[in-house]
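Architecture and fold: a report
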Amino acid sequence: QVQLIESGGGLVQAGGSLRLSCAASGRFFSSIGMGWFRQGPGKEREFVAAISWSGGSTYYAEAVKGRFTISRDNAKNTVYLQMNSLKPEDTAVYYCAARYGTVVPIRIDAKAYGYWGQGTQVTVSS
């Protein structure tokens, strides 16, 4: 079973940047895909970004496209979310997630992901 440990959340001013990290441990295969989701106050969990097992394919929610970048370092079993030009509406608990899948490289449905991190709070002040 995959265990995910997140870090990097915090409080930043609007326009600032943060980099979230999520390290995977436990028993898993290299074909695992990774994604980031977030849940703001009073909102449902929403998709943010996803990356294929090879890192060759990425996909972003329209709300973060051009500002966020997802990447992974398979040697470190770690996925990153670089967040630039942060806005107050980006305030949320951010979750990393993992799934097994070799046929479909990208999934944006939370139900496709079987493993989740504990979440890390990102707060953007205006």
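Structure report, in brief. Note that this is a predicted model, so its numbers are computed, not measured. (Residues numbered from 1 in each chain as written. Predicted model: local features only at pLDDT ≥ 70, side-chain atom pairs only at ≥ 80, totals over all residues. Heavy atoms only, no water.)

Across its full length, the protein holds 0 helices and 11 strands. Across the protein, helices and strands are ordered from the amino to the carboxyl terminus as β-β-β-β-β-β-β-β-β-β-β. Computed over C-alpha atoms, the radius of gyration of the protein comes to 14 Å, within 12% of the 14 Å expected from 2.2 N^0.38 for 126 residues, which places it in the range of a compact globule. For the protein, the computed accessible surface area is about 6,500 Å², with 49% contributed by carbon and sulfur atoms. Side chains of the protein give 13 positive and 8 negative charges; the mean places of these two sets differ by 6 Å. (Helix = DSSP H or I, 4+ residues; strand = E, 2+ residues; numbered from the N terminus. Rg over C-alpha atoms; globule rule 2.2 N^0.38 Å. Areas by Shrake-Rupley, 256 points an atom, 1.4 Å probe, with all protein chains shown as cover. Lys, Arg positive; Asp, Glu negative; His and termini not counted. Charge placed at Lys NZ, Arg CZ, Asp CG, Glu CD.)

Turning next to the side chain of Thr 91. Checked against the element boundaries, Thr 91 lands in the loop between strand S8 (78-83) and strand S9 (92-100). Among the polar contacts listed, one links the side chain of Thr 91 to the backbone oxygen of Pro 88, at a separation of 2.9 Å. Reaching out from Thr 91, the side chain makes a polar contact with the backbone nitrogen of Val 124 at a distance of 2.9 Å. Among all residues touching Thr 91, those that are not within four sequence positions of it are Gly 40, Pro 41, Gln 121, Val 122, Thr 123 and Val 124. (Polar contact = N/O pair within 3.5 Å; in protein donor to acceptor, adjacent residues only side chain to side chain. Contact = heavy atoms within 4.5 Å.)

Of note, the phi angle at Asn 77 is positive, near 50°, even though the residue is not glycine. Its place among the elements puts Asn 77 in the loop between strand S7 (68-73) and S8. For Asn 77, a relative accessible area of 33% corresponds to the partly exposed category. Within the chain, Ser 85 stands out as a residue other than glycine whose phi angle is a positive 50°. Within the element layout of this structure, Ser 85 appears in the loop between S8 and S9. Classification of Ser 85 as partly exposed rests on a relative accessible area of 41%. (Buried < 20%, exposed > 50% of the residue type's maximum accessible area, 1.4 Å probe, protein only.)

This paragraph deals with the sheet that holds strand S1 (residues 2-7). Read from one edge of the open sheet, 4 strands run S1-S3-S8-S7, paired in antiparallel fashion. The open sheet terminates on both sides in strands that have one partner only, identified here as S1 and S7. Across the sheet, the mean angle separating the axes of adjacent strands is 20° when strand polarity is ignored. By the bridge criterion, 6 bridges tie S1 to strand S3 (residues 18-26) in an arrangement that is antiparallel. If you follow Ile 5 over to S3, its bridge partner there is Ala 23. (Pairing = 2+ DSSP bridges. Axes fitted to C-alpha atoms, helices over the stretch in contact; angles between N-to-C directions.)

Of note, Thr 78 is situated in strand S8. Note on Thr 78: relative accessible area 12%, which makes it buried.

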